[in-house]
Amino acid sequence: MISKNLIKSSFIYTIIGALPLASAFFLLLFYTNYITKADYGAFVLYISFTLFVQILVNFGLDTYIGISYFEHKHDPDLLKVRIGNIVAYLLAVGIISCLVFLLLGKPLFSFIFKGKDLFFFPYGFMSVITAFFNSFFKTYSNLLINQQRPERFATVNFANFIMTIGFSLGGLFLYPYTLIGPMWGRLLSGFGIFLIALFAFTHEYPIRLQLGTALRKTISFSLPVLVFFLLSWVISNIFPWIMKQFMSLDEIAVFGLALQFTLLIEFTLNGLSSAFMPKVYELIKKDNLYHSTPELNKYFSAFNALSLLIIPLATFLLPLIMPIFIPKDYSETYLFLALLNISFASRGLYNYFLAPIYYHKKTSLLPKLYSYTAIIQIVASIILIKYYGIWGAVWANLFTKIIQNIFLYTGSRKFFRFEFNTLKLLWLPLLVTAFIIITEFVAKNMNIHLIHLIQLVITSTLVFLVYKKETYQLALSLLKTRKDS
């Protein structure tokens, strides 16, 4: 049975972790109305580039800082030194990366975009600096999550939310129908959160650039994670870059907006994962686990049930609400939403297969596993996008999300024995995915809202039937809590 404390912490981290999503959704209402469709398509590509550079300059250190905390939290002096080293590495990698892009960014953009539509100066270079700032702040946020400090986590992330909204809207109203406002808004808010994280780190930890053994250990862990995250970026974010070779910025804007809508699910699931994973790591550490246990399985099982409820709910609500605010030029976006959202149905298994790799520091497996997925994804995307346009990108996204779990399982099973309820974690997500695909095409002439409502009702019923024991226990717990209060 999942504890009430875990439910409470899950709620806190999910809500606060979704603030970037809330700001992105709020700003969409203005971006889609105050900049042209082509400019929004270009903005999608600049954001994708920012995410790429953010992974690069972070060097996997946001993951390493959490693992280091669990390793050394019982030795405060050693912990302070270790965290201080990681912060120094972050600053060094970030500054060096900015200088390298300053020299190479212009020829890189000229090669990719053939000197048309998108340019490195000024917006490409602004994306690089923004990525450095965001990477630094994300590492600090991850440390707060692993330290179980929800109050400070909430405070700094709320500050990020306010600055993002304030700077972005200010720039947009001062310079409407240009990318000046959106790009400067992201840069200035990034600078603000960078200063917050830098002050917090320097206040608590001695920041020193330590070489030798400490650096070698860091690189041995972080380099495979970096390659893994870069390959993950390819799998999730390469679509607009391939689309740019065959399609217009207007079409990229439609697909980019659909991807923005899927962030509702991604941020929610990431928030749930942030609350669950520290508990998972504690369980693995407690008994030095190299195999599944019922206690371990219940976390991923609960995560899976919640995700399968969140996915159809988001698919149903967004096409009802967003057209009130988003111009009709983007109405085609909602046609792709269900199949983009259902690609998250296997996120429970993804986290399950990934956790042992992180904890047992088998990260050298990740580049190999994800290189296979990335190659398949790139080939599939080029072929499908060339011949089927936006629908090709949608199908390539769904296909590769399934493939990456298969490769991840084949790698992690070499040192970790998985034993779990296949109905809950495997067959139920596959059944829901198949049901969504079938209803999208068999009933495509029906009202889209009715289709999504049917998907929500049927999926929720299936989850309830499969998880009826857990649902009953949770209901009893909530009733008991209410009576006690």
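Computed from a predicted structure; not experimentally measured.

1. Considerations on the layout of surface pockets
Right, so step 1: Its boundaries defined by the atoms lining it, the second largest pocket holds a volume of some 300 Å³.
Right, so step 2: For the second largest pocket, the lining is made up of 18 residues, of which Ser-346, Leu-349, Ile-402, Asn-405 and Leu-426 are closest to its centre.
Right, so step 3: Elements that contribute at least two residues to the lining of the second largest pocket include exactly helix H14 (347-359), helix H16 (390-412) and helix H17 (422-442).
Right, so step 4: At six residues, H16 tops the list of elements feeding residues into the lining of the second largest pocket.
Right, so step 5: For the lining of the second largest pocket, the class distribution of residues is 13 nonpolar, four polar and one charged.

2. Some remarks on the pattern of salt bridges
Right, so step 1: For the structure on display, the rule yields seven salt bridges.
Right, so step 2: The residue Lys-138 makes a salt bridge to Asp-62 at a minimum N-O spacing of 2.6 Å. Note that Lys-138 is positioned in helix H6 (residues 120-146) and Asp-62 in helix H4 (residues 61-72), a separation of 76 residues in sequence.
Right, so step 3: A salt bridge links Arg-149 to Glu-204; its shortest N-O distance comes to 3.3 Å. Placement of Arg-149 in the loop between H6 and helix H7 (150-174) and of Glu-204 in helix H8 (residues 180-204) is noted, with a sequence separation of 55 residues between them.

3. Describing the packing of aromatic side chains
Right, so step 1: A full pass over the atoms with the stated rule returns 47 aromatic pairs.
Right, so step 2: On the basis of an interplanar angle of 75 degrees and a centroid distance of 5.9 Å, the ring pair of Tyr-46 and Tyr-123 is categorised as edge-to-face. Within this pair, whereas Tyr-46 is found in helix H3 (residues 37-58), its partner Tyr-123 is found in helix H6, the two being separated by 77 residues in sequence. This pair shows no difference in class: Tyr-46 is buried, exactly as Tyr-123 is.
Right, so step 3: Measuring from centroid to centroid gives 6.0 Å for Phe-158 and Phe-161, while their planes differ by 25 degrees, and the two rings are stacked. Taken together, the residues Phe-158 and Phe-161, both in helix H7 and three residues apart, mark about one turn of the helix.

Thresholds applied
Residues numbered from 1 in each chain as written. Predicted model: local features only at pLDDT ≥ 70, side-chain atom pairs only at ≥ 80, totals over all residues. Heavy atoms only, no water. 1 Å grid on protein atoms, 1.4 Å probe; cavity = no way out; pocket = protein on both sides within 12 Å on 5 of 7 lines; lining within 4 Å. Points joined across faces, edges and corners; volume = space filled by probe spheres on them. Helix = DSSP H or I, 4+ residues; strand = E, 2+ residues; numbered from the N terminus. Nonpolar A, V, L, I, M, F, W, Y, C, P; charged D, E, K, R; others polar. Salt bridge = Lys/Arg side-chain N within 4 Å of Asp/Glu carboxyl O. Phe/Tyr/Trp six-rings, centres within 6.5 Å; stacked < 30°, edge-to-face > 60°. Buried < 20%, exposed > 50% of the residue type's maximum accessible area, 1.4 Å probe, protein only.

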